[in-house]
Amino acid sequence: KFFVISQNSIKIFLIFIMFLAVFLSGALHIFAAEVSISSPATVMAGESLKVMVNANTDGAIINSIEIVMDYDESKLTFSGYEDQNAVVKVWIEPPYPKEGKIYFSGIIPGGVSGLYDAKKKGLSPIPLVSLIFQAKTEGSTYFSFESSKILKNDGLGTPLPHTEFSTEVIIKHNPAFIEPLTEPVASEEAPKAFPTFWLIILIISGLLGYKLLKLRT
């Protein structure tokens, strides 16, 4: 049997395809913006590790961020941050750790859409802040985003839709590094002080005994 396709069916199918293409292209454009984490792929236990948080705004001008990052505090210790080569200069909350997360939020005065890269002849991702960690113990660990908010510099504070990307770091064994103890070492119990009451009784008894001895002699 042969199926006959009417012209109306072909028109409906073509309209559907066009609508789907427009929808997908719009979705891809919206989520072309992203936040990512760049770091060395490996680090030795006991060494410092710098992690850069970047934003690719897809050409949109942004002026503020609010980010919560996850990290494994059993393998890493947060040591601080640097913003010399970053664009966030006014901190609402400078980076601080709490229960395996790093919280920070800040403002970019005047807004920025990217940094010009002469090699690429275009805009490169925006360095937001550099976080510093110390590797404690060997193994695989991840940095990821718990949440991230990027606001456009449009006078309305419109959120910029974006994609979040995590990264993995391998901490290698370092024979020269002694892993810090996780539990405090119990200190020796201090000798108990001689009770003051019994010390007074002892002194009085000694004086009375001395006087009685003199009276007998």
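Report on the accompanying structure.

Rules used in this analysis
Residues numbered from 1 in each chain as written. Predicted model: local features only at pLDDT ≥ 70, side-chain atom pairs only at ≥ 80, totals over all residues. Heavy atoms only, no water. Salt bridge = Lys/Arg side-chain N within 4 Å of Asp/Glu carboxyl O. Helix = DSSP H or I, 4+ residues; strand = E, 2+ residues; numbered from the N terminus. Buried < 20%, exposed > 50% of the residue type's maximum accessible area, 1.4 Å probe, protein only. Pairing = 2+ DSSP bridges. Axes fitted to C-alpha atoms, helices over the stretch in contact; angles between N-to-C directions.

Pairing between side chains of opposite charge can happen when the charged atoms of each approach one another. Taken as a whole and judged by the stated rule, the model has four salt bridges. As a salt-bridge pair, K50 and E82 come within 3.0 Å of each other at their nearest N and O atoms. Within this pair, whereas K50 is found in strand β3 (residues 48-56), its partner E82 is found in strand β5 (residues 76-82), the two being separated by 32 residues in sequence. Notably, a salt bridge pairs K101 with E146, separated by 3.3 Å at the nearest N-O pair. One end of the pair, K101, is in strand β7 (residues 101-112); the other, E146, is in strand β11 (residues 139-152), and 45 residues separate them in sequence. According to the relative accessible area criterion, K101 is partly exposed, its value standing at 22%.

The next point concerns the sheet that holds β7. What links the strands of a sheet is backbone hydrogen bonding, and the strands pair in either a parallel or an antiparallel sense. On the basis of which strands lie adjacent, the open sheet formed by six strands has the order β2-β13-β11-β4-β7-β6 and mixed pairing. With one partner strand each, in any of the chains shown, β2 (42-44) and β6 (90-98) form the two edges of the open sheet. Averaged over all neighbouring strand pairs, the angle between strand axes comes to 25 degrees, with direction disregarded. Examined bridge by bridge, β11 and strand β13 (residues 167-172) share five bridges and lie antiparallel to one another.

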